[in-house]
Amino acid sequence: MFDYSARPDLLQGRVILVTGAGRGIGAAAAKAYAAHGATVLLLGKTEANLTQVYDEIEAAGHPQPAVIPFNLETALPHQYDELAAMIETEFGHLDGLLHNASIIGPRTPLEQLSGENFMRVMHINVNAMFMLTSTLLPLLKLSKDASVVFTSSSVGRKGRAYWGAYGVSKFATEGLMQTLADEVDSVAAVRSNSINPGATRTSMRAQAYPGENPLDNPTPEAIMPVYLYLMGPDSTGVNGQAFNAQ
């Protein structure tokens, strides 16, 4: 496990947006960021899930989060602009962006993967992530110390059979992370890195490995040290790096 211990006020006063914040790793990250002082913007498509995370953060006495229902599969360009305008009006800037939302799609040989399925995975996992990044970058540049964290995978670092569109989308994720890192290097107080969560006890993992005992994998809460490290000031200057949570 990534060795890092976050001090309680690590993210005090920071505004951090988390995609896919309704469950799994996204919900765990949102709660961890809030517990360390951040105002967390909970973005996802299922409002009921986001509201549950909101209630848990508020019940724990952490800074009041914000719920942002947003469907990355259907969102149009003007909706990204409206999202950025709303964040600027309400919060003034953005200190962190965790790209966590993605879908796995069919695990099948490329030969049997339909174009429709391939494009759906790429749209949610890559195109929407690019749109959010490019639209929110001006708000991140207004921060004194901003961090963009991309969620990768071991199959996005070395190709593996039958991981199809998901694996390809994670290679694209690493490429987007590296390109952004090179562009902001020394010109903006923004850093860009990726995390491979590894095998974690989530519904996506269960979908990919239905025969596996989920109790053999750590919970999302257990892999939070690297997520906290990359969002906080201790990682200032760390840019363009690919991290493993485990």
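Residues numbered from 1 in each chain as written. Predicted model: local features only at pLDDT ≥ 70, side-chain atom pairs only at ≥ 80, totals over all residues. Heavy atoms only, no water.

By the naming in an unreviewed UniProt entry, the protein is YciK family oxidoreductase, taken from Pseudomonas citrulli. On record in UniProt, under Sequence similarities (unreviewed entry), the comment for the protein is "Belongs to the short-chain dehydrogenases/reductases (SDR) family." (UniProt positions renumbered as here; feature names shortened; annotations may be inferred.)

Draft legend 1. Up close: the sheet that holds strand β5 (residues 146-151). An order of β3-β2-β1-β4-β5-β6-β7 is seen for the seven strands of this open sheet, with the pairing classed as parallel. Sheet topology places β3 (66-69) and β7 (242-244) at the edges, where each strand pairs with a single neighbour. Shown here is a sheet whose adjacent strand axes are inclined to one another by a mean of 20°, direction ignored. Bridge count between strand β2 (residues 39-44) and β3: four bridges; the pairing is parallel. By the bridge assignment, leucine 41 is partnered in β3 with alanine 66. (Pairing = 2+ DSSP bridges. Helix = DSSP H or I, 4+ residues; strand = E, 2+ residues; numbered from the N terminus. Axes fitted to C-alpha atoms, helices over the stretch in contact; angles between N-to-C directions.)

Draft legend 2. Local environment of the packing of helix α4 (residues 115-140) against helix α5 (residues 164-184). At a minimum axis separation of 8 Å, α4 and α5 run at an interaxial angle of 15°. Comparing their axes, α5 and α4 come out roughly parallel. Pair α4 / α5 crosses with right-handed handedness. Residue-level contacts link Phe118, Val121, Met122, Asn125, Val126, Met129, Phe130, Thr133 and Leu137 of α4 to Ala165, Tyr166, Val168, Ser169, Ala172, Thr173, Leu176 and Leu180 of α5. Its residues placed into classes, the contact of α4 with α5 shows 13 nonpolar, four polar and no charged. (Parallel < 35°, antiparallel > 145°, perpendicular 65-115°, else oblique. Left-handed = near helix turned anticlockwise from the far one by under 90°. Contact = heavy atoms within 4.5 Å. Nonpolar A, V, L, I, M, F, W, Y, C, P; charged D, E, K, R; others polar.)

Draft legend 3. Molecular detail of the packing of helix α3 (residues 77-91) against α4. Between α3 and α4, whose axes approach to 10 Å, the crossing angle comes to 35°. At the point where α3 passes α4, the crossing takes the right-handed sense. Contacts between α3 and α4 involve Pro77, Tyr80, Asp81, Leu83, Ala84, Ile87 and Glu88 from the former and Ala128, Met131, Leu132, Thr135, Leu136 and Leu139 from the latter. Here the contact of α3 with α4 is composed, by residue class, of 10 nonpolar, one polar and two charged.

Draft legend 4. Spatial organisation of the environment of arginine 14. With respect to the helices and strands, arginine 14 occurs in the segment before β1 (15-19). Take arginine 14: its relative accessible area is 12%, and that puts it in the buried class. Considered as a pair, arginine 14 and glutamine 178 are 164 residues apart in the sequence and their alpha carbons are 24 Å apart. Contact partners of arginine 14, with chain neighbours within four places excluded, come to Gly37, Ala38, Thr39, Asp95, Asp145, Arg191, Met231, Gly232 and Pro233. Among the polar contacts made by the side chain of arginine 14, one reaches the side chain of aspartate 145 at a distance of 2.8 Å. (Buried < 20%, exposed > 50% of the residue type's maximum accessible area, 1.4 Å probe, protein only. Polar contact = N/O pair within 3.5 Å; in protein donor to acceptor, adjacent residues only side chain to side chain.)

Draft legend 5. Broad picture of the side chain of threonine 151. Turning to its location among the elements, threonine 151 is positioned in strand β5. Using a relative accessible area of 7% as the deciding quantity, one classes threonine 151 as buried. Polar side-chain contacts of threonine 151 include one of 2.6 Å to the backbone oxygen of histidine 99. Beyond its immediate stretch of four places on either side in the chain, threonine 151 contacts Leu98, His99, Asn100, Lys170, Thr173, Ile195 and Pro197.

Draft legend 6. Focus on the packing of aromatic side chains. Counted under the stated rule, the structure contains six aromatic pairs. Ring geometry for phenylalanine 2 versus tyrosine 229: centroids 5.5 Å apart, planes at 40°, classification tilted. On the criterion of sequence distance, the pair formed by phenylalanine 2 in the segment before β1 and tyrosine 229 in helix α7 (residues 224-231) is long-range, its members being 227 residues apart. A connected cluster of aromatic rings, assembled from ring pairs, spans Phe2, Tyr4, Tyr229 and Phe243. (Phe/Tyr/Trp six-rings, centres within 6.5 Å; stacked < 30°, edge-to-face > 60°.)

Draft legend 7. Summary view of the pairing of strand β6 (residues 190-196). Burial within β6 is extensive, with seven of its seven residues counted as buried. Alternating positions in β6 separate into two faces, Val190, Ser192, Ser194 and Asn196 on one and Arg191, Asn193 and Ile195 on the other, with burial throughout. Of the strand pairs in this sheet, β5 and β6 are connected by six bridges, and their pairing is parallel. Across the sheet, serine 147 pairs through a bridge with arginine 191, a residue of β6.

Draft legend 8. Just the pattern of salt bridges, in detail. Across all of its chains, the model carries seven salt bridges by this definition. Of the charged contacts in the structure, one is a salt bridge between aspartate 145 and arginine 191, with a shortest N-O distance of 2.5 Å. Here the residue aspartate 145 occupies a position in the loop between α4 and β5, and arginine 191 occupies one in strand β6, the gap between them amounting to 46 residues. Neither aspartate 145 nor arginine 191 differs from the other in exposure class; each is buried. Salt bridges sharing partners connect three or more residues here, namely Arg7, Asp9 and Asp234. (Salt bridge = Lys/Arg side-chain N within 4 Å of Asp/Glu carboxyl O.)

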